[in-house]
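Letter by letter, the chains look like this.
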Amino acid sequence: MTEPKNPKINRSYVTIGENQIHYRYSGKGPVLLLLHSLPRSSEDFNSLILKLNKYFTLIAPDIPGYGQSKIREESENIEYNNFINDFLKSLNIKNVLIYGEQYGGILGLEFANQKPQKVSALVVRDIPIQEDIKNLYPPFKLQWDGSHLTWLWSFLREKEIFYPWNKASLINRLDKSMATTNELQKYAIQFLSSGQNGINYQKGIFELNKINVRKVIALNTSPLLILYNKNINKYNNIKSKNIRYIETNNENYANEIHNFLNSFHNKPIAFKPPKVKKIPGALTYDYINVGGGQLHYQSNTDINTTPLLIQHDAASAMTTVESITKSLINIKSIFSFDMPGSGNSDRIIPEKDVSVATYSNVLSEALQNLGMNEIDFYGMWGGGFVGLDLSIETPTKVRKLAMSNVFDHQGKELEEMLTNYTPDVSPLWHGGHLQQCWHQMRDQGTFYPWFKNNQKHIIWREPHLQTEMVHGRVCSLLKAGNMYATAYKAHFKYQTHERLQKTKSPV
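For clarity, every value in this text was computed on a predicted model and none was experimentally measured.

1. Notes on the sheet that holds strand β14 (residues 398–404)
The six strands are arranged β9-β10-β12-β11-β13-β14 in an open sheet whose pairing can be described as mixed. Edge positions in the sheet fall to β9 (284–290) and β14, since each of these pairs with one other strand and no more. For this sheet the average axis-to-axis angle between neighbouring strands, irrespective of direction, equals 25°. Bridge count between strand β11 (residues 308–311) and strand β13 (residues 375–380): four bridges; the pairing is parallel.

See the structure below:
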């Protein structure tokens, strides 16, 4: 699921070269840098942030190649040597405390060795030894039938039972409960946010696995606390006056972090995120505050024209229309938003209040906060309705409106769409919901409506069934969760012909 609005945790980006690093921040006090495990994201730290933000200024980046810190697809390797230093420099932060998990902990140790004057103390948890990396993290290869998603669910479950996961024996059994179905769903979504929708998820892991962990621990001069799970490798045979070891579990590790780091009195700072630097010739990601939450968007304003807003449909995200948005760079000023509850935008609108009108109101507020008084609008499927409503309610705002693949369902047809088009996609313990989502998205390219897969409802045109495209839509659907059904139903109920009579914008 996308994240609910949480005014205590904010998100932003910082531009480093031609890449953008996404990060979360909260609290006040000395800076505590949080480095997540792989292939996960800084979302893992939301609960920890809320426990520690009265003591520290917490800053949690998505490590490059993970979460929302995308790297250019042409990059062969992920360079981590200067990542933390460049990140802190961009935020104008001189000195930090560090907490890192798994490979995030290794990254923190390496930085502490490179720049000891910038690290007052650090805590690491469950850091791995150098591993048989190729067998532990095999390639994630998309399959036309969606079977790669079945593999993913099994992979995530097995990691909860054995360490290493690929050696199912008693000696490798973990003394812990299986993750809940919702936790496994979160892990799956984070995995699919790595690399390019999960492809190349292992790049950063392979790079950080090159670091000699025992060596960086032995060379470390900063006060260091190592938290470990009794089932997983320990480093307590490395003796140093700077190192403490504590066996811990998921319940008390926040207290251990606070108790250890609280004795190192870094200077508190009043952190204010810098304005996001735009990338010429590319789309730049950012957030805008709306309705007590944050709306995620991308833009390019290399050329000064009336801005064109390109809007995705339900069960989707702005990544769906990104090829269109990119194609208009240097032709128009362009913007694209993740709608509330989709993509990386907060769930700003309560589920019971979701409608085309409330979506339109959120966009209107976002445009006002961005200082845009007049726009052109293109929306696909239900995204077009949002533009149409915007043109009616704020007639001076929408100069021209273009819509594609819009519809107007009435009577029995409307009832059928409301009942059948958006089945429940809640996660199932065995992962079967992933195959349901796959075939649901794929069938949308062969029948309309997709649930009437008989001869009468064949879509007679060249089918759009590219595996990468279907996979991308499934990733968006999984992230939206059942909010997709709420959005679709709001669009199905829209009185298209009636509303078209009321707009004064050219359509």
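2. Looking at the packing of aromatic side chains
Counted under the stated rule, the structure contains 32 aromatic pairs. Arranged with centres 5.0 Å apart and planes meeting at 90°, the rings of Phe155 and Trp165 form a pair that is edge-to-face. Here Phe155 is found in helix α5 (residues 147–159), whereas its partner Trp165 is found in the loop between α5 and α6 (181–192), with 10 residues between them in sequence. Both residues of the pair, Phe155 and Trp165, count as buried. Note on Tyr488 and Phe492: the rings are 5.6 Å apart at their centroids and 25° apart in plane angle, and the pair reads as stacked.

3. Details of the pattern of salt bridges
Throughout the structure, instances matching the rule amount to 14 salt bridges. The closest approach of N and O atoms between Glu322 and Lys326, which form a salt bridge, is 3.7 Å. Of this pair, Glu322 and Lys326 both sit in helix α10 (residues 322–327), four residues apart, roughly one helical turn. Owing to a relative accessible area of 15%, Glu322 belongs among the buried residues under this scheme. Residues Arg499 and Glu393 are paired through a salt bridge, measuring 3.1 Å at the closest nitrogen-oxygen approach.

Calculation notes
- Residues numbered from 1 in each chain as written.
- Predicted model: local features only at pLDDT ≥ 70, side-chain atom pairs only at ≥ 80, totals over all residues.
- Heavy atoms only, no water.
- Pairing = 2+ DSSP bridges.
- Helix = DSSP H or I, 4+ residues; strand = E, 2+ residues; numbered from the N terminus.
- Axes fitted to C-alpha atoms, helices over the stretch in contact; angles between N-to-C directions.
- Phe/Tyr/Trp six-rings, centres within 6.5 Å; stacked < 30°, edge-to-face > 60°.
- Buried < 20%, exposed > 50% of the residue type's maximum accessible area, 1.4 Å probe, protein only.
- Salt bridge = Lys/Arg side-chain N within 4 Å of Asp/Glu carboxyl O.

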